[in-house]
Amino acid sequence: MNAKPYVLEQTNWKQIKEQKYDVAILPWGATEPHNYHLPYGTDSLETAKIAEHAAGKAWEKGAKVMVLPVIPLGAQNMGQIDMPFCLHTKPSTQLIILKDLLTALSGQGIKKLVLMNGHGGNDFKRWCANCNLSFPMYLFL
Ligand SMILES: [Zn+2]
């Protein structure tokens, strides 16, 4: 496999320890049925791939960017909660996950996080302003 130094799941510590990363991209999807023809991971798979392509283009131009593993847990999919393997998380759970990641990343010197949303039920807009107040980093949606 040709490991990409801007995709965290593909790279290793040896490859990244000499790099200084400025930006992290967090793809956030969901795991839910998408009719009969699309996979449960559609939101997550698409978003992770878009993040990887965008980061690749930025990397080629000299940007130091890292794509984090996709979060496959969406919110507001209670309309399908009775369907098998529709995984639901509360917005409050998502906020806890986001704050934990912001704590870790800001402590590691990452200055910017791009939150890339791939699921219509995820509502991150109202958090961005709040998180920017309490973390020494910029959060973009
Ligand atoms: Zn969705």
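Structure first, text after, so check above.
Conventions used here
Residues numbered from 1 in each chain as written. Predicted model: local features only at pLDDT ≥ 70, side-chain atom pairs only at ≥ 80, totals over all residues. Heavy atoms only, no water. Salt bridge = Lys/Arg side-chain N within 4 Å of Asp/Glu carboxyl O. Helix = DSSP H or I, 4+ residues; strand = E, 2+ residues; numbered from the N terminus. Buried < 20%, exposed > 50% of the residue type's maximum accessible area, 1.4 Å probe, protein only. Pairing = 2+ DSSP bridges. Axes fitted to C-alpha atoms, helices over the stretch in contact; angles between N-to-C directions. Contact = heavy atoms within 4.5 Å.

Caption draft 1: Geometry of the pattern of salt bridges. Within the structure shown, the criterion is met by 2 salt bridges. Note that Glu-52 is salt-bridged to Lys-4, the shortest N-O span being 2.5 Å. Placement of Glu-52 in helix H2 (residues 42-60) and of Lys-4 in the segment before helix H1 (13-16) is noted, with a sequence separation of 48 residues between them. Take Lys-4: its relative accessible area is 28%, and that puts it in the partly exposed class. With its nearest N and O atoms 3.8 Å apart, the salt bridge here joins Lys-49 to Glu-52. Pair noted here: Lys-49 and Glu-52 are both in helix H2, with a separation of 3 residues, about one helical turn. Judged by its relative accessible area of 45%, Lys-49 is partly exposed. A single network of salt bridges, built from pairs that share partners, joins Lys-4, Lys-49 and Glu-52.

Caption draft 2: Representation of the sheet that holds strand E1 (residues 23-28) in the model. The strand order across the open sheet built from 4 strands is E2-E1-E3-E4, with neighbouring strands paired in parallel fashion. Both edges of this open sheet fall to strand E2 (65-67) and strand E4 (138-140), since each of them pairs with a single strand only. This sheet shows a mean twist of 20 degrees between the axes of neighbouring strands, independent of strand direction. As paired elements, strand E3 (residues 112-117) and E4 share 3 bridges and run parallel to each other. Paired with Leu-113 across the bridge in E4 is Leu-139. Contacting E1, E3 and E4, helix H3 (residues 91-107) crosses the sheet at an angle of about 160 degrees to E1.

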